[in-house]
Amino acid sequence: MSLRRYLRRREWDEERARELEAHLEQETADNVARGMTAGEARRRAYMKLGNPTMIREEIWKMNSLVSVEDLGRDVRYALRQLRRSPGFAAIAIVTLALGIGVNTAIFSMVNGLLFSSLHVREENRLQEIGSRQQGTPWQPQFSLAEYEAMHGQTSDVFSGVVGDAYGLDGLSMEGNKPDRAFTDYVTGDFFDALGVEPYLGRLFHAGEGVTPGADPVVVLSYAYWKRHFAADPNVVGKHVLLDGHPMTVVGVTAKDYRGVNTALSVEAYLPLAMIVPIESTPLSEYRKPTNRNLRLYGRLRPGVARQQATATLAVVARRLAAEQPVADKNVELASFPMWVGRNAGFDPQNAIGEVAWFFLGLAGVVLLLACVNVANLLLVRATVREREMVIRSALGAARTRLIRQMLTESILLAVCGGVAGIGLGLWGSHLLSSINLGTDLPLHFDFGFDWHVLAFSMAVAVAAGALVGIVPALRLARANLNMVLREGGRGVAGGGHRFRDALVTVQVGSAMILLIIAGLFTRSLTQSEHAELGFNPANVMTMMMDPGEIGYNDPRARDFYKDLLQRVRALPGVKSATTALMVPMGLVGNGGDTITVNGYQPPAGQSALVIAYNLIATDYFATLQIPLDTGRNFSDADDENHLYVAIVSEAMAKQYWPHQDAIGREFTMNSDPAHPLQVVGVARDARYQGFRQAPAPYFYVPFLQHYATNSLETLEVRTVGEPGTTLPVLERSINDMAPNLPVFDVKTLHQALYTPNGLLLFQIIATLAGIMGTLGLVLAIVGVYGVLSYVVSQRTSEIGVRMALGAGRGDILRIVYKQGMWIVGIGLAVGLAASFGIAHLLHSLIVVSPGDPATYLGVSDALAAIAMLACYVPARRAMYVEPMKALRE
Amino acid sequence: MGSKKEQELLLGTLDMLILQTLVMGPAHGHTIAHVIEHTSDDVLQIEQGSLYPALHRLEDREWVSSYWGPSENNRKARFYKLTAAGRKQLRAETHRWESMVEAIGRVLGNAGRVVE
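Residues numbered from 1 in each chain as written. Chains lettered and ligands numbered in written order. Predicted model: local features only at pLDDT ≥ 70, side-chain atom pairs only at ≥ 80, totals over all residues. Heavy atoms only, no water.

## Section: the overall build of chain B
Regarding its fold elements, chain B presents four helices and three strands. Order of helices (α) and strands (β) in chain B, N terminus to C terminus: α-β-α-α-β-β-α. When the accessible surface of chain B is split by element, carbon and sulfur atoms take 58% of a total near 7,200 Å². (Helix = DSSP H or I, 4+ residues; strand = E, 2+ residues; numbered from the N terminus. Areas by Shrake-Rupley, 256 points an atom, 1.4 Å probe, with all protein chains shown as cover.)

## Some details on the overall build of chain A
Tallying secondary structure elements over chain A gives 30 helices and 21 strands in all. Computed over its C-alpha atoms, the radius of gyration of chain A comes to 37 Å, more than 25% above the 29 Å expected for a compact globule of 889 residues. Oriented by its inertia axes, the alpha-carbon framework of chain A measures out at about 135 × 75 × 55 Å. Out of the 889 residues belonging to chain A, those deemed buried represent 52%. Relative to all contacts within chain A whose residues are 6 or more apart in sequence, the contacts with residues 24 or more apart total 80%. Carbon together with sulfur atoms contributes 59% to the accessible area of chain A, which is approximately 38,600 Å² in total. Side-chain charges of chain A comprise 79 positive and 81 negative groups, with the mean position of each set lying 15 Å from the other. (Rg over C-alpha atoms; globule rule 2.2 N^0.38 Å. Buried < 20%, exposed > 50% of the residue type's maximum accessible area, 1.4 Å probe, protein only. Contact = heavy atoms within 4.5 Å. Lys, Arg positive; Asp, Glu negative; His and termini not counted. Charge placed at Lys NZ, Arg CZ, Asp CG, Glu CD.)

## Overview of helix α24 (residues 727-737) of chain A
Residue and element names in this part refer to chain A. All buried positions along α24 are accounted for by Leu727, Leu730, Ser733, Ile734 and Met737. Relative to the axis of α24, the buried residues are bounded by an arc of 130° and lie together on one face. Those residues of α24 that are buried are in contact with β11 (540-545), α20 (554-569), β20 (713-719) and β21 (743-748). (Arc of directions from axis to C-beta.)

## Comments concerning unusual backbone geometry
All names here are of chain A. Located in the positive-phi region is Asn539, a residue other than glycine, with phi close to 60°. Looking at where Asn539 falls in the secondary structure, it is placed in the loop between α19 (493-529) and β11. Of note, Gln625 is a non-glycine position whose phi angle comes to about 60°, a positive value. Relative to the helices and strands, Gln625 resides in the loop between α21 (620-624) and β15 (628-631). For Gln625, a relative accessible area of 38% corresponds to the partly exposed category.

## Overview of the side chain of Asn373 of chain A
All names here are of chain A. Position of Asn373 among the secondary structure elements: in helix α14 (residues 351-384). Within the structure, Asn373 has its side chain in polar contact with the side chain of Gln507 (distance 2.5 Å). Not counting residues within four places of it along the chain, the set of residues in contact with Asn373 comprises Thr95, Gln507, Leu779, Val782 and Gly783. (Polar contact = N/O pair within 3.5 Å; in protein donor to acceptor, adjacent residues only side chain to side chain.)

## Regarding the confidence of the model for chain B
Regions with low pLDDT should not have their predicted coordinates read in detail. For chain B, per-residue confidence averages 78 on the pLDDT scale, and 78% of positions sit at 70 or higher. With pTM at 0.71, the complex prediction returns an ipTM value of 0.80. (pLDDT = per-residue confidence, 0-100.)

## Describing the domain arrangement of chain A
Residues and elements named next belong to chain A. Assigned domains of chain A: these are domain 1 (2-64), domain 2 (66-121 + 348-491), domain 3 (140-341), domain 4 (494-533 + 753-889) and domain 5 (553-737). Put simply, the middle of domain 4 and the middle of domain 5, counted by C-alpha atoms, are 52 Å apart. Across the boundary between the two partners, domain 4 contributes 14 residues, which contact ten residues of domain 5. Both sides together, the interface formed by domain 4 and domain 5 hides about 970 Å², and carbon and sulfur atoms give 61% of it. Contact with domain 5 buries area across many residues of domain 4, yet Leu533, Leu753 and Asn757 alone supply 47% of it, more than any other trio. Put simply, domain 4 and domain 5 have zero salt bridges between them. Our enumeration of links across domain 4 and domain 5 arrives at three residue pairs in polar contact (both at pLDDT 80 or more). Of the residues belonging to the side of domain 4 that touches domain 5, the class tally is seven nonpolar, six polar and one charged. (Domains from an automatic or database assignment. Buried area = accessible area lost by both parts, 1.4 Å probe. Salt bridge = Lys/Arg side-chain N within 4 Å of Asp/Glu carboxyl O. Nonpolar A, V, L, I, M, F, W, Y, C, P; charged D, E, K, R; others polar.)

## A closer look at helix α29 (residues 853-879) of chain A
Residue and element names in this part refer to chain A. Taking 1.5 Å per residue, 27 residues should reach 39 Å; α29 reaches 37 Å between its end C-alpha atoms and fits that length. Where α29 bends most, at Tyr872, the angle is about 30°, and the proline Pro874 comes one to four residues later. Residues of α29 that are buried: Thr855, Tyr856, Val859, Ser860, Leu863, Ala867, Ala870, Cys871, Pro874, Ala875, Ala878 and Met879. (Expected span 1.5 Å × (residues − 1). Bend = angle between axes of the 7 residues up to and from the residue.)

## A few points about the interface of chain B and chain A
Taken together, the contacts link 23 residues of chain B with 24 residues of chain A. Note on chain B versus chain A: buried area summed over both sides is about 2,200 Å², and carbon and sulfur give 52% of it. Per-residue buried area on chain B facing chain A is highest for His30, Tyr52 and His56 of chain B; these three make up 31% of the total on that side. Connecting chain B to chain A are seven residue pairs in polar contact (both at pLDDT 80 or more). Secondary-structure elements contributing two or more residues to the side of chain B that touches chain A are α2 (29-39), α3 (48-60) and β3 (76-82) of chain B. The residue makeup of the side of chain B that touches chain A, split by class, is four nonpolar, nine polar and ten charged.

## A word on the pattern of salt bridges
Residues and elements named next belong to chain A. Applying the stated criterion to the full structure yields 27 salt bridges over all chains. Taking the shortest distance from any N to any O, the salt bridge between Arg44 and Glu40 comes out at 3.6 Å. Note that Arg44 and Glu40 are positioned in helix α3 (residues 38-49) at a spacing of four residues, about one turn of the helix. By relative accessible area, which is 39% here, Arg44 ends up partly exposed. Since its relative accessible area comes to 28%, Glu40 is described here as partly exposed. Linking Arg292 and Glu146 is a salt bridge whose minimum nitrogen-to-oxygen distance equals 2.9 Å. One end of the pair, Arg292, is in the loop between α11 (283-287) and β9 (295-300); the other, Glu146, is in helix α7 (residues 144-153), and 146 residues separate them in sequence. Relative accessible area serves as the criterion here: at 23%, Arg292 is assigned to the partly exposed category.

## Thoughts on the side chain of Glu713 of chain A
All names here are of chain A. Within the fold, Glu713 resides in strand β20. A distance of 3.3 Å separates the side chain of Glu713 from the backbone nitrogen of Ala580, its partner in a polar contact. Side-chain polar atoms of Glu713 contact the backbone nitrogen of Leu581, separated by 3.3 Å. Leave out the neighbours within four places in its chain, and Glu713 touches Met543, Met544, Met545, Tyr561, Thr579, Ala580, Leu581, Leu615 and Phe703.

## Brief notes about the sheet that holds β3 of chain B
What the three strands build is an open sheet, ordered β1-β3-β2 (chain B); its pairing is antiparallel. The open sheet has two edge strands, β1 (27-28) and β2 (64-70) of chain B, and neither has a second partner. Across seven bridges, β2 of chain B lies against β3 of chain B in antiparallel orientation. Each residue of the ladder has a partner; that of Pro70 of chain B, found in β3 of chain B, is Lys76 of chain B. Against the sheet, helix α2 (residues 9-33) of chain A touches β1, β2 and β3 of chain B, its axis set at about 105° to β3 of chain B. Across the sheet, α3 of chain B lies against β2 and β3 of chain B, angled at about 120° from β2 of chain B, the strand it touches most. (Pairing = 2+ DSSP bridges. Axes fitted to C-alpha atoms, helices over the stretch in contact; angles between N-to-C directions.)

## Comments concerning the pairing of strand β5 (residues 217-220) of chain A
All names here are of chain A. Neither face of β5 is open: one carries Val217 and Val219, the other Val218 and Leu220, and all of them are buried. In terms of strand pairing, β5 meets strand β7 (residues 245-253) through four bridges, oriented parallel. By the bridge assignment for β7, Leu220 is matched with Val252. Alignment of β5 against strand β8 (residues 268-271), held across two bridges, turns out to be antiparallel. Across the sheet, Val219 pairs through a bridge with Tyr269, a residue of β8.

In structure tokens:
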């Protein structure tokens, strides 16, 4: 109805005009009949009716969609205003774009790591199961027996419980050199429970994956199929070799599905029990209650809440504890939403999640700074435009209209800033995605741009616009009409400056926080780079290989490494060579095992600690230059026919045999209770993981005694000169022995330190924090400079009077400086206090102390100096004010 | 807030008066204004101008319909006619009004007794 009227209102208005005219004529005629003159009659008729134009206007308004029309007018007006001051508009838009861009980029990272879609059916009903024992953190790994218990006993809450275990295997077409693929061994109903569809062929059936070796079938991921099979549409039915075992490709997974872990891209899927033949896991090991390498997922039945699932799991946990008193003593189970455990464990301290949230917070501070800057600019503009507003208000504009119009202008700025910012954010996100992670593992670090990110950025932009606009708009709306008119256009500067000063204080404080955090991370990075490693990373070449991938069985793999070391040691330029499972800061073999030490009782209420260990060849300590304190090195005689031996680290010796000689003591790895290990040596502590704490207890066992558990090793070669120069001969040696063996993660030990488990995360964090600190600093400088310049321009005539009355240039400089320094000083103090608090929240991420004096002193000195400089330019301008000129103005 | 309520009440009243006038048959704006004035013995002096936005509003709500026709002295005038919905609305309004007047009367009556 009213839309039709709206569109036809001109026609309608003409009709009203005729109607009113008819009324007037009628009344006039009546008046004439009463004996008035024609003129008088018409005049009286008009008086009686009122102003016809006003009546028509009223009806016109009733036919209008007021808000839409006003909005259009406001937007046009705002555009005109912005075009009239392009400098202001450009600065405001760039500032907002920086703030919004940083937030977009960081959020795309958080989203990519934690919240991006897994492309499974009803993702919100999918849960991951976690367990813990006696106060240890929640962890996501389970044994086969635990999986079977949960699979069978939770059907009231879960419509399915499925599991998977990761592997690295060589995949090849017959006769070709294998690619090393990141594999996922899954239970048969895995894809059904997740709701993943095949892109080609079929996925697994519920019956597959139960009997070891019974299902030689493989499903490829879409990306792997595209890259390694050239998107061959006839791939289904093809035969491939997996670690030398013949398998048939039965399908390709859906295009978008990349696995349930967003940081790693699975390349091929295999039925769970195929892990036994392919990775040559002994059946006893596969079924062992302490062999926990399955992650478990459950799909909640409709209407079942997470708490109910956890309650059912608690019952299962009690039953497990009774059935397996050793492996599952006091075990607790719980159900978690998928994102909690994504890419890591359930530990709330989990570094990725914490870092991600933390950076979102930092980005928020940058945005706040940007908003404050633009708000300040708008405030200055509002003061300048006060007279315009007052006149419009005096001419009858409602205050709400004026406020709305100011808000329109701010939101328009924010939308422009938002569009530019999203562009900037995309670029930033792309930069983040292209960080070289220094590993050949298929780590997925690509933060796409999905609707989550878009919605987030839009929301940020609009919030920024409202935040930026509401302050000057409200202030303007409060302005007193008469006062402004009387002041003759000088504006009511008096009331606002305290508020503006407060804004600048906030800016200086925020910049301080950003810089201190950047400082703490940078110092942590340098400190870690110079940390005592316990080994010498210079001149060591490393490369990883797994003869299992070309079908070598265990003794053959052992012999391969023996021969390889013999050849390599004979090469020119090689000082010493060894092999080891674990490279310091590496991504492989970080698990470790719980141990039982004869005569050692863990403190009450504390379960046995997991201790990391390394499988090493002879010459390991010589190659890494880790000194042995006491005892002897491993030799070729330490094989499975002799006593099982171990070399422990200083820290381990100190923990289990304090003030005693560790040599000759015995302990047992709980994964291999049949072979107690005798300590034959104590090595100096070396850093294998992390830089924050002192090196944790660690031990070494000879590869020759444990080759059956693992055939993946890293060749480590200490060279006489530049390690890269030996690379061709090293690769040729391997190629001569096993032409099809894939070699990967080839890098120097020094490069190996800069990987995600080593310094890379620090480097990324320090760089990001540095970028945000710099942005914050620039924004704060602009803020201080801008406000002080404005203050000087407002006080020009006052300065003129002072100078005319005899104030020297130095006095003027001091006045302006005093004002500036007050603002900066308070900002610095507040910033210091706030950073101190925030730094303590970060203590788990940084290496230096949260109160690191060098950082605090350095940053506050630098910031104070820069702020002084920002004050200097306007102060200088004040100093050279011409008194006569200022007064005449 | 208070003044707005009051305005609404008065607007409602004017609407009711117009609808009441139209019960006798279709009429144009000028007639309606005079009828309201005369039948209320000039107690209700409406500003004639405010009649037209009110008529527009009533038509918008489809309580009246309008057409062009010849007036008593053969000029063209816009006539307003009560619709069925308008008749229903008038009954509801009248009822509301009467019960309100009655209520106010009772309150004032009581107040009168207390004063006595």
